[in-house]
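Coordinate analysis (summary)
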Amino acid sequence: MNLSIILPAKNEAAALAQLLPSLRQHYPETEIIVVDDGSTDDTAEVCMRAGVIRLGSPYSMGNGAAIKRGARAASGDVLVFMDGDGQHNPADVARLLTRLEEGYDMVVGARSWEGQAGVGRGVANTFYNWLASRMTGHKVADLTSGFRAVRADKFREFIHLLPNGFSYPTTSTMAFFRSAYAVAYEPIHVAQRDGTTSHIRPLRDGLRFLLIIFKIATLYSPLKLFMPASFAFFALGCGNYLWTFLQSGRLTNGSTLLWSAAVIIFLIGLVSEQITALMYRAQ
């Protein structure tokens, strides 16, 4: 198995100084790539001392952009993605690879509740996992985990779908499920971040994570999002008509508009479903 380990990092020199020697000890002959996302600390020097490949950027392009750059540059036929903040244990890479050899196309390191970055993030991720499981019909143990092993050729099929910012794990997971590629989850323990501050800001990223919910639906099956919305507008129209008929014996413009909205939303869902099918056509 030809392996490449890819670590997106932004100002994580302190964590990398401990992580990279450990990775090199566990995998002395493996290609290790640090994608330096515009760091202003000593990341470059740490990578040089560790003898790993560093892909530098003059400015920050985002976590997803770093993942895409690393995946394009990697030579391995299996890619392992790890966070550069030191929370993932290099010894767990072997467990992910063992599951991959069982015939899976992607194996994701699934965090427990204790491994979540706070109660708010834990609740949000639990909801994302539940929603993704309902959408796909498969158990999704950790939708947003950045620690995963994938087959390179299959991952690169969806590189154009990945966002430059956060939520690359969500996008890639749903893309694999949509294309009928086998996905497995392996329980892992994560350590506390070694970085001084988190790159996640609740207020700034709240809307982003809300958009993840819609991306989950539209990436897998848009009709599962548009159909309930269409039915809700239709039901509201019927309820409004029943009310106005009992009150004044007439059909109002409000009911007509609600029914029209239901039809439009349903048709948009049909078109979106066809577009989604084209996105996942054979590469």
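Let me begin by describing the structure that accompanies this report. (Residues numbered from 1 in each chain as written. Predicted model: local features only at pLDDT ≥ 70, side-chain atom pairs only at ≥ 80, totals over all residues. Heavy atoms only, no water.)

**Regarding the overall build of the protein**
Stated precisely, the cut-off is as follows: Put simply, DSSP H or I for four residues or longer makes a helix, DSSP E for two residues or longer makes a strand, and each gets a number counted from the N terminus. Classification of residues uses two cut-offs on accessible area relative to the type maximum, computed with a 1.4 Å probe and protein chains only: under 20% is buried, over 50% is exposed, and between them is partly exposed. Residues count as neighbours in contact if any of their non-hydrogen atoms are within 4.5 Å of one another. For every accessible area listed, the method is Shrake-Rupley and the probe measures 1.4 Å; residues are considered covered only by the protein chains on display.
Counting its secondary structure elements, the protein contains 10 helices and 7 strands. Sorting the 283 residues of the protein into buried and exposed places 50% on the buried side. Within the protein, contacts between residues separated by at least 24 positions form 74% of all contacts whose residues are at least 6 apart in sequence. Of the accessible surface of the protein, which amounts to about 14,000 Å², a share of 61% is contributed by carbon and sulfur atoms.

**Looking at the packing of helix 1 (residues 13-26) against helix 2 (residues 43-50)**
Note the following rule: The axes are straight lines fitted to the C-alpha atoms, using for helices just the contacting stretch, and the angles between their N-to-C directions are given from 0 to 180°. Working rule for angles: under 35 degrees goes down as roughly parallel, over 145 as roughly antiparallel, 65 to 115 as roughly perpendicular, anything else as oblique. The hand of a helix crossing depends on one turn: near helix anticlockwise from the far one by less than a right angle means left-handed, and clockwise means right-handed. The classification used treats Ala, Val, Leu, Ile, Met, Phe, Trp, Tyr, Cys and Pro as nonpolar, Asp, Glu, Lys and Arg as charged, and all other residues, Gly among them, as polar.
Closest axis-to-axis distance for the helix 1/helix 2 pair is 9 Å, and the angle between their directions is 15°. Here helix 1 lies roughly parallel to helix 2, going by the angle between them. The two elements helix 1 and helix 2 cross, and the hand of that crossing is right-handed. From helix 1, Ala13, Leu16, Ala17, Leu20 and Arg24 reach across to helix 2, where they touch Thr43, Val46, Cys47 and Ala50. The residue makeup of the contact of helix 1 with helix 2, split by class, is 7 nonpolar, 1 polar and 1 charged.

**Here's the deal with unusual backbone geometry**
We note that Asn11 has phi near 55°; this positive angle belongs to a residue other than glycine. Relative to the elements of secondary structure, Asn11 occurs in the loop between strand 1 (3-9) and helix 1.

Shape is all these values report; function is a separate question.
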